[in-house]
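A structural walkthrough
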Amino acid sequence: MTPAARRWLVRAGGVGLLLVAIALPWSVDAYTTSLFARTLVLGLVGVSVALLTGLAGLPTLGQTGPYAAGAYASALVAMHVSSVGVVQVLTGAAAGALFALLTVPLVVYARGVVVLMITLAIGELTVTAAGRWTSVTGGTDGLAGIPAIQPVWGMAPLASDRARYLYTLVVVGVVIAAMVMLLRTPAGLLLRASRDDEARTRASGHRVTGYLAVTFVGAGAVAGIAGSLLITAQQYVSPADFGFDVSALLLLGVVIGGAASIGGAIVGTALVIAVRDWLSGLLPGYAPLLLGGLFVLTAYLFPRGVAGFSTELANLVRSRSRGRTGPGDRPGTGIQGRPSRGEPVGAAPVSSGETR
Amino acid sequence: MTAFATTPLLTAEAVVRRYGSLVAVDRVDLRVADGERHALIGPNGAGKTTLLDLIGGATRVDGGRIRFDGRDITRLGPARRARIGIGRIHQRPAVWPSLTAVENVVVAGWHQAGGFRGVRTRARYRRRLREPAMALLDRVGLAGVASTTAAHLSHGERRQLEIAMALAGRPRLLLLDEPAAGLSGVEVHRLAELLAELPRDVSVLLVEHRLDLVYALADTVTVLHDGRLVTSGEPDEIRNAPAVRRAYAEAVR
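Here is what the cut-offs are and how they apply
Residues numbered from 1 in each chain as written. Chains lettered and ligands numbered in written order. Predicted model: local features only at pLDDT ≥ 70, side-chain atom pairs only at ≥ 80, totals over all residues. Pairing = 2+ DSSP bridges. Helix = DSSP H or I, 4+ residues; strand = E, 2+ residues; numbered from the N terminus. Axes fitted to C-alpha atoms, helices over the stretch in contact; angles between N-to-C directions. UniProt positions renumbered as here; feature names shortened; annotations may be inferred. Contact = placed C-beta atoms within 7 Å.

So, the sheet that holds strand β9 (residues 220-225) of chain B
Residue and element names in this part refer to chain B.
- Read across the open sheet, the six strands follow the order β6-β7-β8-β3-β9-β10; overall the sheet is mixed. A strand with exactly one partner marks an edge of an open sheet, and here the two such strands are β6 (86-89) and β10 (228-233). For this sheet, the mean inter-axis angle between neighbouring strands, taken without regard to orientation, is 15 degrees.
- Looking at chain direction, strand β3 (residues 37-41) and strand β8 (residues 203-207) are connected through four bridges and run parallel. Across the sheet, the residue bridging to Arg37 is Val204, located in β8.

What follows is the structure in C-alpha cells.
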C-alpha cells in the first residue's frame, strides 16, 4: 500500500468512526450510551498515556494521578462553585497540569522501566490519598449527588445520557484536534527526535529534559480534562475509578492501539474496555484471560499496534518470504521506551574503528 | 609547533579520562586554532574517540580543563556546548530514524534559526528552517531523498545527512569521528570534496584512519597512542617521524 493510499484509508476510517460515534446515542439505550460516554473518557486518558509512552518515550502507569486530580477538582467546583462545563473543563485541566507539574521532577530524569515503576507509585499514592482524605474526597464512599452540567453559561443543564454523551464527544474531539495540530507543528519533530535518539538530540543543542517536562505537564492537563468529563458522564466519583486496574487497562489499550498513535490509543482503549465490560457479561470471569490473550497476540504480531497493522503485515509477509522469522525491526515500535544510552535505533552496524 | 600561531579556538589542558583502571586519555594537551584543520591519528584504542567525546561533552573529564573561545567549558553539558558552536559527527551516523531527511536537518539547525521564535509562523519556519535545510541537503547531494525517512537511507546517505545536520548548526568547531568509515570509494571522494569546501570560519578536528584523507586535508596532525600524546606537527613532519612509526608498529605487534 502506498503511503498516500494508507493516509486516505486512515482518514476515511477516522471519518467513519466519527459518524458512528455521533449516531450512536440514537441507536442504543440510555445505559449503553452512558457506558460509551465513560469509554470516551477513558479513551482520552489513553490518549495522554499514548502521548507519553509512544511520543515522548516515557511509558507510564500513573496517568490516573492527574486524571483523579482533575476529577476531584471538577467535582468540587460542580458541587460548590459552578455547574458550567467550560469552568469545570478548565478546572480539570489546571488540576491535572498542576499535579503533573508537582510530580514532573520524579519522572523526567528516569527512562524506560524506571518510569513505569515511579509512575505506578504515583498512581497508587494518589488512590490511597483519595481514599483517606475524607473531608475533601469523601473517602472510599466517594462524592455523589453532583449536579448536572450546563455546557456554557445560560444553557439548560444536560438531563439525558444522550446529551451528556454528545457533550463528552465534543470536548474529547476538540482536545484531540488541538493535540494533533500541536504535534504537527515543528515542536512535534523535536519530541520525535528526542524519542529516536536522545543523546543525538542533546548534541544538537536541544534541552530534551525541558521538552519532556512540558509534554508531561501537557499530558497531565489532558488527563485532567478527562477527569472533569468523568464527573459529567457519571455524576459520581470514588477512588475505584483510579485503581491500578484502570492504569493497567489504559497502558494495555495504548499498546494494543499502537503506542505512537493518537487514533490508535482511542481504538485500543475502547477495545480493552469493551472486552472488560461487555464480553465479561457473556463469559463471566474470563475477561482478564481474554485481555491477556489479546495483549500477547498484539505484542507478538503487531509491535506497532492496530495503527501499525498494515505496515507490520507488509513487513511480516516480506520477511517471511526472505526466510527471516518475526516482524522486521522498525524504529519507534511499541513500548520499548527510549534507548537509555542514546544508541541510535536502526543505525547501520558498520564500524571499522575503535569503540571506546 | 603548529603552522597556526593565532589565538586558539579550543584548548584542552592535561585532560584525563579513566574507565576503571584503564586510562583512556592520559593528560593530553591539544590546541585547535581558528580555522585550522586538525587531525587526530593513532592506532585503535589510542583514545581518539574518547578525546572527541570529552571535547563534545558526551563524557566528562576526570581531570584537566577544556576552553573554547576563551571560555572554560569543562563543566558544560553537550547541549550547551552545541549551542555555543561545537558540532559533532559520530562514528556511526547518528540521525533520527523516524524523521525525514529534511526534518533531520531542520531539528539540527533549530537553535541557529532562533529556536521557537524561528517557527512562530509558517512562513518564518519555511524561510528560516526549511529552505536552508533543503539548500544544505542539495549541497551534500541528498536533495532527491529529502522526504525519505532517515531509517530508509543507506549508510553513505546517512553519513552525508549527518554532515548536513552538523553544518545546519553552524558550528565554529566541527568534530568529525571517522567520517569515511564504511563509505564506498565514490562516497569517500565526495566526502573529501565536501570537507575541502568547508569555509575557513569553521575549524575542524578530525579523527580518521584513512591517512590519505588526513594528509590531504589537515594543517596539523596529532598522534595519540595508549591515551597519550605522542607528537604533533605538520603533515610532512608526522609522515616521517620515527615516534609515529614506532607507535603504529607497537600497535601492530
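A word on the sheet that holds strand β5 (residues 71-72) of chain B
Residue and element names in this part refer to chain B.
- The strand order across the open sheet formed by four strands is β2-β1-β4-β5, and the pairing between neighbours is antiparallel. On the outer flanks of this sheet lie β2 (22-33) and β5, each paired with one strand and no other.
- As defined by bridge partners, strand β4 (residues 63-68) adjoins β5 across two bridges and the pair is classed as antiparallel. Bridge pairing links Phe68 to Arg71 in β5.

Examining the UniProt feature "transmembrane region" (unreviewed entry) in chain A
All names here are of chain A.
- The residues that UniProt annotates with the feature "transmembrane region" (unreviewed entry) are residues 40-61, 73-102, 108-130, 165-187, 208-231, 251-275 and 282-302.
- Taken end to end, residues 165-187 is 96% helix and 0% strand, and its first and last C-alpha atoms sit 32 Å apart.
- Secondary structure content for residues 251-275 is 84% helix and 0% strand, and the end C-alpha separation is 15 Å.

Some words on the environment of Ala133 of chain B
Residue and element names in this part refer to chain B.
- Looking at where Ala133 falls in the secondary structure, it is placed in helix α4 (residues 122-139).
- For the pair Ala133 and Glu103, spaced 30 residues apart in the sequence, the C-alpha separation amounts to 8.2 Å.
- When sequence neighbours within four positions are dropped, the list of residues in contact with Ala133 reads Val102, Val105, Val106, Gly109 and Ala168.

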